Amino acid sequence: MDYTLLFVQVINGVQLGLLLFLVASGLTLVFGILDFVNLAHGSIYMIGAFICASLTFYLGNFLLALLVALPLTGLVGYAIERFVARKLYEKDHLDHVLGTFGLILVLDTSAHLIWGPEGISVPLPLWLDGQVEIFEGAVIPTFRLLIIATGLGVAAGLVWLVNYTRLGMLIRAGASNRTMVSALGIDIKTLFALVFALGSMMAGLAGMLISPITEASIGMGGEIIITAFVVIIVGGIGSMKGAFIAAIIIGLIDTLGRAFLDSLFELVMSENAAETAAPAVSAMMIYILMAIILALRPQGLFPPKVR
Amino acid sequence: MNTIGKITIAGMLILAIVPPVLLLSGQAFYMDLATRLVILGIGAVSLNLILGFGGMVSFGHAAFIGLGAYAVGIPAYHATYGEFEMVASYNGLLHIALAVGFSALFALITGAISLRTKGVYFIMITMAFGQMAYYFFLSLDIYGGDDGLTIDVRSELPLINLDSPMQLYGLSYVSLAVAMYLVHRMVNSRFGMVLQGTKGNVERMATLGYNTYYYQLLAYVISGAMCGYAGFLLGNFTTFISPDMMHWTRSGELMFMVILGGASTALGPILGSSLFILLEEILSSFTIYWHLPFGLLLILVVLFIRGGIMGLFKNMGGSSK
Amino acid sequence: MNTLLQISGLKKQFGGVIATDDVNLEVTKGELHAIIGPNGAGKTTLISQLSGAVRPDSGTITFKGSNITNRPAHARAQLGITRSFQITSLIMSMSVLDNVALAVQAHDGHSFKLFKPARKITHLRKNALQFLQQVGLENRADDPASALSHGEHRQLELAVALASSAEMMMLDEPMAGLGPEESATMINFLKTLKGQKTILLIEHDMDAVFALADRISVLVYGKIIATGKPDEIRFNDDVRHAYLGEE
């Protein structure tokens, strides 16, 4: 076995996992507190990527663009909450799904109108565009290390926010008892809008971080949203800890599956058959994992407490 | 007969007469539109069985349509290009058996797992299983993967020639009528009463002694199998199949058809699929950005129209409070 | 004495709240056993554990001699133990008669029949109608359940519980929200059931409880502090102190 390659792929898996966590944490935050299913979360991820891409060309610096794009994405999230999502809260989950499905069409087509049908590739500053040799042969792009650092930083920030701040206390209280929070004299509407904007910023951040690797494109939201759903189902909807652990597991399984499944299959079947079967199986692996976990624990790994 | 019954009959009569007349007067385009509408209508009717009457919000039903279509495409591919002699065939009856059988099997396996969950978990897990099928066919390079698969020869059925647009439409129309009849009988049977009861209140049904899981699972399997049959028709209609037919947005569209027309009514899914396809056709002829008004419309329907179009009819007819 | 239901050492905790704290209780066949207690004493949680909606943390529930602690709700119902709900939980989209017919159908054994119209199965409809007559709702049979008044919903809940022909019925506050006249009707009706059915009654209306119950258990903060005949409970110092004193 090639341990250097394994190491590189594990790093890639962790990086994918942390990106997934950024998207999934917003999704699970919004669901846990607002009881709202937001399919359009992936479109916000896309919008974040596009805003950042445009700003990178305008400001000439990716990191600067990212810092400006973050609050702008939060604003987009706030507007979505204010004009559409808020009106859907009191309806049932089916209406959430259909309403936000409509929102996807609106947002994706708007992106098409504004930025055109082609994807936009985002240039990195020179110092980020290089590679780092961790040990002999194990070369990792510097930017991927930045993604990992950012992901871990945001995760730590979320833990701090939810557990040690007044806003976090309100969020935790609001999740278990809305009437109580209202009774405390807190404007629950503003709290909800804040949570929604925060979730949007995290999704947007993930989109901004991935865009230099893939490019900002119209379809990117629809792909990530399903994987993010798998993450929060496996982790337990509403659980931040569950989202983190599930995101890392799924990031690793997906990356390692794509990289090594064919060699694994070659041990038991012909090279030809392995080459056909491996991509199909690795594409399904995270869903098979989800099925197994749900068959054993229908509420995911870390089910939220009963309301 | 009540208002709703009359509207249902009228709607089905229009579908029986107008498209063939248009075809005979040389308007083949409208026949194409009607065929697509009727086939997707079968999918919507089968989704309505579990979504409208059973309260199971399945977000992965496009997968069954895709499975049904590949049940035509794969045997036909091997019959034309060799390999896998076992399945190679143009026999339409075999294709139907494969489409219905594999859809039912996929529904049984995914349903058995999904139905252990409730509410939003169920929505998401059915969606994820649908995507699983999508990625599976996407990565199968032998059948075109991303690029899809062209069906060179349509299914061969006794008495019916599917190469004739009129006969294909006829088969699709009759299938739709049969599907509607079957669903109507099922939801009013003792089984259907239990199914509707589980939609209303699962805990109550358990307290009465019903093991609701098995009733829901059977409904899910029947619905999946019917959708697979619609896929068989769709494959023969488009003669081109691709994983895109199974993408989760297709499942969302199918759900939208049911809700737009009016869930848990007989004609609702057909009205929904008709309106959906007509709107798609009209809007996309004006602008390539037609998804924008379409999405806005969807949001407005969810926010303001309770019970879909059939709900509006009901209010006009004053047949219920 | 013939014990139908036996509960021993039942415990249930939600987070830091102890809802059921080492409850021991016996219900004798044919008796009307009332459970009273202040709000939040854990009465509904207790019933939910008996019906199978909530799993206890520890303890055992024995019904007709068999341990049902880990049986799912539908299996318990099939054994002959059913409940009514405090918050009306009928199937609102269905007609009044359909609601009762579903309960009759549950032990008729043909619920996987897919094609025969259910509303043409005459013995189901007739039986269901009889239960509606028993509670006095026969003239509302074809209305949707959603069209009934609150009082009528309580009556229909009872008809559904009766129609499931369970040996033991657990009634969760059947009098909740009823006016004085409706309450009186309900009390009279429950009196006619005495002896035919074993009933575990949860109720806040003290007049009703003392008029109906053969035995009463008092539940306070998840613990049963006394069980006895109505007169014994009425003059029990602990009970007066913990519960009746508050009224």
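Chemist: Sorry if this is basic, but what is going on with the nonpolar core here?
Modeler: Membership of the largest hydrophobic core comes to 281 residues, with the highest contact counts inside it found for V23(A), V230(A), V231(A), I233(A), A128(B), V100(C) and A159(C). Residues in contact with V231(A), not counting those within four places in the same chain, are L20(A), A24(A), A243(A), A246(A), A247(A) and I250(A).

Chemist: Sorry if this is basic, but what is going on with the interface of chain B and chain C here?
Modeler: Interface extent is often summarised as the accessible area lost during association of the parts. Chain B puts 21 residues into the contact, and the matching count from chain C is 31 residues. Listed by contribution, the elements that provide at least two residues to the side of chain B that touches chain C are α6 (165-188), α7 (190-200) and α8 (202-207) of chain B. Per-element tally for the side of chain B that touches chain C: the top contributor is α7(B), with eight residues. Taken together, the residues of the side of chain B that touches chain C sort by class into seven nonpolar, 10 polar and four charged.

Chemist: Got a minute to help me understand the interface of chain A and chain B in this structure?
Modeler: With 36 residues of chain A in contact, the opposing surface of chain B contributes 38 residues. Of all the secondary structure elements, the ones that give two or more residues to the side of chain A that touches chain B are α3 (62-88), α4 (93-115), α10 (220-235) and α12 (271-296) of chain A. The residue inventory of the side of chain A that touches chain B, partitioned by class, reads 25 nonpolar, eight polar and three charged.

Chemist: I would appreciate a short explanation of the sheet that holds strand β10 (residues 223-228) of chain C in the present structure.
Modeler: Two pairing modes exist for strands in a sheet, parallel and antiparallel, and in both the strands are linked by backbone hydrogen bonds. All names here are of chain C. Taken together, six strands build an open sheet; the order of strands is β6-β7-β8-β3-β9-β10 and the sheet is mixed. Both outer strands of the open sheet, β6 (81-83) and β10, are each paired with one neighbouring strand and no more. Within this sheet the neighbouring strands show an average axis-to-axis angle of 15°, counted without direction. When strand β3 (residues 32-36) meets strand β9 (residues 215-220), the two strands line up parallel, connected through four bridges.

Chemist: It is not clear to me how the confidence of the model for chain A should be interpreted in this structure. Could you clarify?
Modeler: A low pLDDT means the predicted coordinates there should not be read in detail. Averaged over every residue, the pLDDT of chain A is 87; the share at 70 or more is 94%. For chain A, per-element mean pLDDT is lowest for helix α8 (residues 178-183) of chain A, which scores 65, and highest for helix α2 (residues 41-59) of chain A, which scores 94.

What counts as what
Residues numbered from 1 in each chain as written. Chains lettered and ligands numbered in written order. Predicted model: local features only at pLDDT ≥ 70, side-chain atom pairs only at ≥ 80, totals over all residues. Core = buried A, V, L, I, M, F, W, Y, C linked by C-beta atoms within 7 Å. Buried ≥ 20, exposed ≤ 12 C-beta atoms within 10 Å, placed from the backbone. Contact = placed C-beta atoms within 7 Å. Helix = DSSP H or I, 4+ residues; strand = E, 2+ residues; numbered from the N terminus. Nonpolar A, V, L, I, M, F, W, Y, C, P; charged D, E, K, R; others polar. Pairing = 2+ DSSP bridges. Axes fitted to C-alpha atoms, helices over the stretch in contact; angles between N-to-C directions. pLDDT = per-residue confidence, 0-100.

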